[in-house]
Amino acid sequence: MEPVLISPAKAIVFDMPAVIFSFLIPLTGVGIFTYIIALRLKPLVKAQPDPRMDDRIHRFFNMCKFAIGQYRQPRYLLAGIIHITLFAGFVILSLRSITLVLIGISDGYVLPGMSGAAGHIYHGLKEFAAMAVLAACIVAMFRRGILKPERYAVPPKYGKNHTWEAIFVLVLISGLVLCDMVFEGSHAAAHIRKGLKADMLIPGTGSWLSAILLTSASMNTLQHIHLGAYFFHELIFFFFLCFLPLGKHFHVITSLPNVFLMKMNKGTIKPVQWGIEDEELDQLESFGVKTFEDFTWKHMLDFYSCADCGRCSDNCPANAVGRPLSPRFISIKCRDYAFKAYPLHGLSTNSHNLIGSVLEEDEIWSCTTCGACEEECPLLIEYIDKIVDLRRGMVEDGIVPQSLQKPLRALEKRGNPYGIMEKKRIDWIKDLPEEINVKILKRKETADTLYFVDSISSYDDRIQEISRAAVKILHAAGIEFGMLGPNEMDSGHEVKRFGEEMLFQYLRDKNLNAIKNSRATRIITTDPHAYNALKNDYANLPPVEHISQTTLRAVTSGNIRLKPIEDPNKIYTYHDPCYLGRHNNIYDAPRELIDAIPGIKRIEMTQNCKDRSFCCGGGGLMLFYEPIEEKRMGQVRVEMAKTAGANIIITGCPFCMVNVEDAIKTSGLENEMGAIDLVELIERHME
């Protein structure tokens, strides 16, 4: 039987077989797309190495979870629902788009396996997916064009916002969906005009509505609409494909590989250069990142993958307090630089220093390495490694903030940022009860358990109280332990994240030698920064525990018994330290330990706890930094606790204690709020 409408593969357009256009449009589109991608890959070829093909099974699982499963999208509920709908619809409709391309070449083409029941099921799924995508596009355009969420805003110093690009892409997607609806609807309308049954016309769908609207049109008109809808779809589809690598929507192409190639070991910092051993670092001509090509190829892929959603900056504590840092714009500015330095036509520009031209000094020094940006990013873009690499380059060039030069010199000379003599590292034990005998491991002395104190807990008068409480807990738990005393150096955790790699290695090697001589089979520390350094920055050490884990085990086993809370009227909240929580996923042990105290009232800072905890401001050597900021991070954190209804903030980190207590004072809340460390709270309630 003669078809009611002539298909694109057999039609005549402009006195030529339409199949010519069906060949030319995809051929031209794919050719241009290939050309653009080749140029976009050019800087990646020149970039530094970055091995990312280990543990492929785990990587594939993460890609399915974060990229395909859109695991982090619902953290912003409405935007997440819209994006998941668009993504799922995009995936479902992609088969239809491929089919349409081939229909223009081969009349009635059907993908393998789609000719029977599977094809009918897919057709129905496709029809409803198209409606969902169209609805999501309309809602998204309303959000971006009318509501304009604050996190999408672009400060004048960073250029123009990208609302137009987002809306334009939504219009293109809507155009694709509508063209397919009209293409199918016109075909169904022609069947109805001929008195034939319109196959697979599902009530309530776009194709069904299109068919109803077009039923009154003449057959000649329907033929033109049918072909017009088809070729408009093809033009939009291949234009869209070539448009994606030109801006922020490049992430549509790069997101899957970017997530597959994600960083697998949280809490670590990439080496100065992959493939170069520590003893070979002196042979390098330059440290860190100074020019764009000094980034690794994966970090360049990160720049291409940024969706410009603003979630990173929306959760960045430095950005929240007005420091000159917005992680989002690090990616955007570097991506814009890549597009400019490696243009689609013309020669590439010569490399020049990023600091001062693309990025600013204060912008890079403002980061506390808390990891909030990385935890929030749905595409798992890495910021800390990039920032540390940029700092390495600045440190080598002598670009170091004035306020940080003194602690660095002290670390070089005395092994601690305070510049106090090594022999005074254990002076705090003099105030312990006489019955507690602390074993200081000198030459040839050993211990099964090592308490690694670190610098702030050894030298800061207030934090020494935490150290003494820790010793009392270990003693009460029946744990025989020793300390390195004067042989202990700063863990180097902040030094490494500051960018002083050689100084870190000096401190690390000294500690490694002392720990090895102690013959310890377990290390315990009260400092999450020391915990992270020993666990992730050092190598070949015995297992490392935070004292919350050790103490919880002692309480659970009955070695330590806790008495009822001293003041039942107090309301406590636990502040998750960045390097205990986000970087090492220790969230439950401290909470279980707190809740083990009979009668204690604990509440959560609901929107800002666990992996969304707000940094105190002490990471990355920032305890000594004098930043440009509108408000201190600690003050913001205290306000969060107060708003939640708490009047006592429990910390699990000495850096947090310093900043939180200082914030309570500077906010004038001494009579309303208080702070106590987790080990102090437990020690105070031991029977």
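Predicted, not measured: the structure shown is a model, and the values here were computed from it.

Let's talk about the packing of aromatic side chains
All chains considered together, the criterion is met by 22 aromatic pairs. Seen from their ring centres, Phe239 and Phe243 are 6.0 Å apart, and the 20° between their planes marks the pair as stacked. With Phe239 and Phe243 both in helix α7 (residues 219–243), this residue pair falls 4 residues apart, about one helical turn. By relative accessible area, which is 41% here, Phe239 ends up partly exposed. Note on Phe243: relative accessible area 11%, which makes it buried.

Quick notes on the domain arrangement of the protein chain
Splitting the protein chain by domain gives domain 1 (12–42 + 75–110 + 119–251), domain 2 (289–399), domain 3 (414–557) and domain 4 (571–684). For domain 3 and domain 4, the distance between their C-alpha centres works out to 22 Å. Each side of the interface is counted separately: domain 3 has 32 residues, and domain 4 has 31 residues. Across the interface of domain 3 and domain 4, roughly 2,600 Å² is buried in total on both sides, 75% from carbon and sulfur atoms. One can count 3 salt bridges joining domain 3 with domain 4. Note that Arg462 is salt-bridged to Glu680, the shortest N-O span being 2.9 Å. Linking domain 3 with domain 4 are 9 residue pairs in polar contact (both at pLDDT 80 or more).

Considering the nonpolar core
In terms of nonpolar packing, the biggest core is built from 149 residues, with Phe292, Phe295, Tyr451 and Met483 touching the most fellow members. Once residues within four sequence positions are removed from consideration, Tyr451 is found in contact with Trp428, Ser467, Ala470, Val471, Leu474, Phe481, Gly482, Met483, Glu488, Ile524, Thr525 and Thr526. In this structure, Ile82, Leu93, Leu134 and Phe243 belong to the second largest nonpolar core, which totals 21 residues.

A look at the sheet that holds strand β7 (residues 544–546)
Spatial ordering of the open sheet is given by β3-β5-β4-β6-β7, a layout of 5 strands whose pairing is parallel. In the strand order of this sheet, the two ends are held by β3 (439–440) and β7, each with one partner. Two elements, strand β4 (residues 449–451) and strand β5 (residues 481–483), share 2 bridges in a ladder whose sense is parallel. Note on β5: the bridge partner recorded for Leu450 is Gly482.

Thresholds applied
- Residues numbered from 1 in each chain as written.
- Predicted model: local features only at pLDDT ≥ 70, side-chain atom pairs only at ≥ 80, totals over all residues.
- Heavy atoms only, no water.
- Phe/Tyr/Trp six-rings, centres within 6.5 Å; stacked < 30°, edge-to-face > 60°.
- Helix = DSSP H or I, 4+ residues; strand = E, 2+ residues; numbered from the N terminus.
- Buried < 20%, exposed > 50% of the residue type's maximum accessible area, 1.4 Å probe, protein only.
- Domains from an automatic or database assignment.
- Contact = heavy atoms within 4.5 Å.
- Buried area = accessible area lost by both parts, 1.4 Å probe.
- Salt bridge = Lys/Arg side-chain N within 4 Å of Asp/Glu carboxyl O.
- Polar contact = N/O pair within 3.5 Å; in protein donor to acceptor, adjacent residues only side chain to side chain.
- Core = buried A, V, L, I, M, F, W, Y, C linked by side-chain atoms within 4.5 Å.
- Pairing = 2+ DSSP bridges.

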